[in-house]
Amino acid sequence: MFQLSKRLVRALGFFPCILVLAIIACGYYVTTVATFIPLLSSSHFVGILGLLVTQLLVLNILINFLLSIFCDPGGVPNSWKPSESMKNIRGSWSRTVQWVQTEETGDMQSVLTWEFKRNGAPRFCRYCATYKPDRTHHCRSCKRCILKMDHHCPWINNCVGFYNQKFFILFVYYAFLGCLFVSVTGVVTLKRALFIIGEEEGKQVVSAAFVVICYCLVTIFGLALLFFAVFHTLLVLKGRTTIEMHEIRDLARARIVRKYDLGWKRNWKKVFGNNVLYWFLPVRWSIDGDGLTFESNVEEQRISLMEDDDGV
Ligand SMILES: [Zn+2]
Ligand SMILES: [Zn+2]
């Protein structure tokens, strides 16, 4: 009985995903069936171009949507534990900042930052009984720790984390573009549908009403997506996750969160990859990192080191 209710809860979790697919289908209906296929008889070129753009947008929306749902956002490996080098001379954990010498210039450069509990101990998840790497948080919905957790998104029934953040943001971008495309190219279709509702009767009115409902649904969804697209772009450029955006209100946490800001260009590349050709493709080929350790900005690290030297 308990197993059955657990499965039912899991199945219900996919309901918002089905809702998203239904909205994509609505947009597809307005552009393909109601706008561009009828246009083929009068304007061949515009009709074909419209159909091509629609297929391209829908393809990108679906691929990124499915990858956001089924790509593992990243969990903590079983064997992972904080490096022993983070212990001080007496063998207890200390607030240490790691520095390495770069091969080319010989300069000291920080490569790791460590988030500690206020008492100096490493972060530990009592639900999973494992240590937590930097930026990792426990998700109560997924019932596990997620690497670089951004937030749990009910629309994809998955967490947005280190390995699927790019797919999620690309889904938001393409879905917004898709909605915008429907809203702009479907205006004439909408006007025609409203005219039919006012003048005609019978079957035609039902299909015209369906077009109006689909158009309105997609446009409202598009407005919400515009907000999410701007919000997540700003976070990426700042080098922050949604959780960290909330954490920054805490002065002690703010100091750590700001360390991950490498400047907007590098912040963008950390999520979308180093190769511009792959930025808007649903691949992670040029993204480096393992989600367990993160680069930090050097100046902030220097401050930390000085404070450590002073025994703070
Ligand atoms: Zn956990
Ligand atoms: Zn989750």
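None of these values were measured; they are calculated from a predicted model.

A.B. asks: Could you give an account of helix 2 (residues 15-39), naming the residues involved and the relevant values?
C.D. replies: Taking 1.5 Å as the rise per residue, helix 2 with 25 residues should run 36 Å; its terminal C-alpha atoms sit 35 Å apart, in good agreement. The largest bend along helix 2 reaches roughly 30° and is located at Tyr-29.

A.B. asks: Report on empty space enclosed by the protein, specifying residues and quantitative values.
C.D. replies: Summed over the entire model, instances satisfying the criterion amount to two cavities of 30 Å³ or more. Empty space within the largest cavity amounts to approximately 170 Å³. For the largest cavity, the lining is made up of 18 residues, of which Ile-24, Gly-27, Ile-61, Gly-178 and Cys-179 are closest to its centre. At the level of secondary structure, the elements contributing two or more residues to the lining of the largest cavity comprise helix 2, helix 3 (44-70), helix 4 (165-185) and helix 6 (203-238).

A.B. asks: Give a description of the packing of helix 4 against helix 9 (residues 264-272) that names residues and reports values.
C.D. replies: It is at 8 Å that the axes of helix 4 and helix 9 come closest, and there the two elements cross at 100°. Between helix 4 and helix 9, the angle falls in the class roughly perpendicular. Between helix 4 and helix 9, the contacting residues are Gln-165, Lys-166, Ile-169, Leu-170 and Tyr-173 on the first element and Trp-268, Val-271 and Phe-272 on the second. Residues of the contact of helix 4 with helix 9, tallied by class, amount to six nonpolar, one polar and one charged.

A.B. asks: Can you tell me about the coordination of the zinc ion (ligand 1), naming the residues and giving the values?
C.D. replies: Surrounding the zinc ion (ligand 1) are the protein donor atoms Cys-125 (SG), Cys-128 (SG), His-138 (ND1) and Cys-145 (SG), which sit 2.1 to 2.3 Å from the metal. Coordination at the zinc ion (ligand 1) comes from four donor atoms whose angles at the metal span 100 to 126°, giving a geometry best classed as tetrahedral. Summarised as a motif, the one-chain spacing of the donors to the zinc ion (ligand 1) is C-x2-C-x9-H-x6-C. Residue Cys-145 is classed as buried on the basis of its relative accessible area, which comes to 4%.

A.B. asks: So what about a positive patch on the surface? Which residues, and what values?
C.D. replies: A cluster of basic residues, Lys-6, Arg-7, Arg-10 and Lys-143, forms a positive patch at the surface. Structurally, the position occupied by Arg-10 is in helix 1 (residues 2-13). Taking relative accessible area as the criterion, Arg-10 reaches 66% and is therefore assigned exposed.

A.B. asks: Explain the coordination of the zinc ion (ligand 2) to me, and be specific about the residues and the numbers.
C.D. replies: Looking at the metal site, the zinc ion (ligand 2) is ligated by Cys-139 (SG), Cys-142 (SG), His-152 (ND1) and Cys-159 (SG), spaced 2.1 to 2.3 Å from it. For the zinc ion (ligand 2), the four donor atoms are set out with angles of 100 to 116° between them, so the coordination reads as tetrahedral. Here His-152 falls in the partly exposed class, since its relative accessible area comes to 24%.

A.B. asks: Go over the side chain of Thr-241, please, and point to the residues and values.
C.D. replies: By the secondary structure assignment, Thr-241 is in the loop between helix 6 and helix 7 (242-247). The exposure class assigned to Thr-241 is buried, which follows from its relative accessible area of 1%. Excluding anything up to four places from it in sequence, Thr-241 contacts Arg-135, Lys-148, Met-149, Asp-150 and Leu-235.

What counts, and at which threshold
- Residues numbered from 1 in each chain as written.
- Chains lettered and ligands numbered in written order.
- Predicted model: local features only at pLDDT ≥ 70, side-chain atom pairs only at ≥ 80, totals over all residues.
- Heavy atoms only, no water.
- Helix = DSSP H or I, 4+ residues; strand = E, 2+ residues; numbered from the N terminus.
- Expected span 1.5 Å × (residues − 1).
- Bend = angle between axes of the 7 residues up to and from the residue.
- 1 Å grid on protein atoms, 1.4 Å probe; cavity = no way out; pocket = protein on both sides within 12 Å on 5 of 7 lines; lining within 4 Å.
- Points joined across faces, edges and corners; volume = space filled by probe spheres on them.
- Axes fitted to C-alpha atoms, helices over the stretch in contact; angles between N-to-C directions.
- Parallel < 35°, antiparallel > 145°, perpendicular 65-115°, else oblique.
- Contact = heavy atoms within 4.5 Å.
- Nonpolar A, V, L, I, M, F, W, Y, C, P; charged D, E, K, R; others polar.
- Donors = N, O, S within 2.8 Å, 3.2 Å for Na, K, Ca; no water.
- Tetrahedral: all angles 85-135°; square planar, octahedral: opposite > 155°, others 65-115°.
- Buried < 20%, exposed > 50% of the residue type's maximum accessible area, 1.4 Å probe, protein only.
- Patch = residues over 30% accessible without salt bridge, like charges linked within 9 Å, V, L, I, M, F, W, Y side chains within 5 Å.
- Areas by Shrake-Rupley, 256 points an atom, 1.4 Å probe, with all protein chains shown as cover.
- Salt bridge = Lys/Arg side-chain N within 4 Å of Asp/Glu carboxyl O.
- Lys, Arg positive; Asp, Glu negative; His and termini not counted.
- Charge placed at Lys NZ, Arg CZ, Asp CG, Glu CD.

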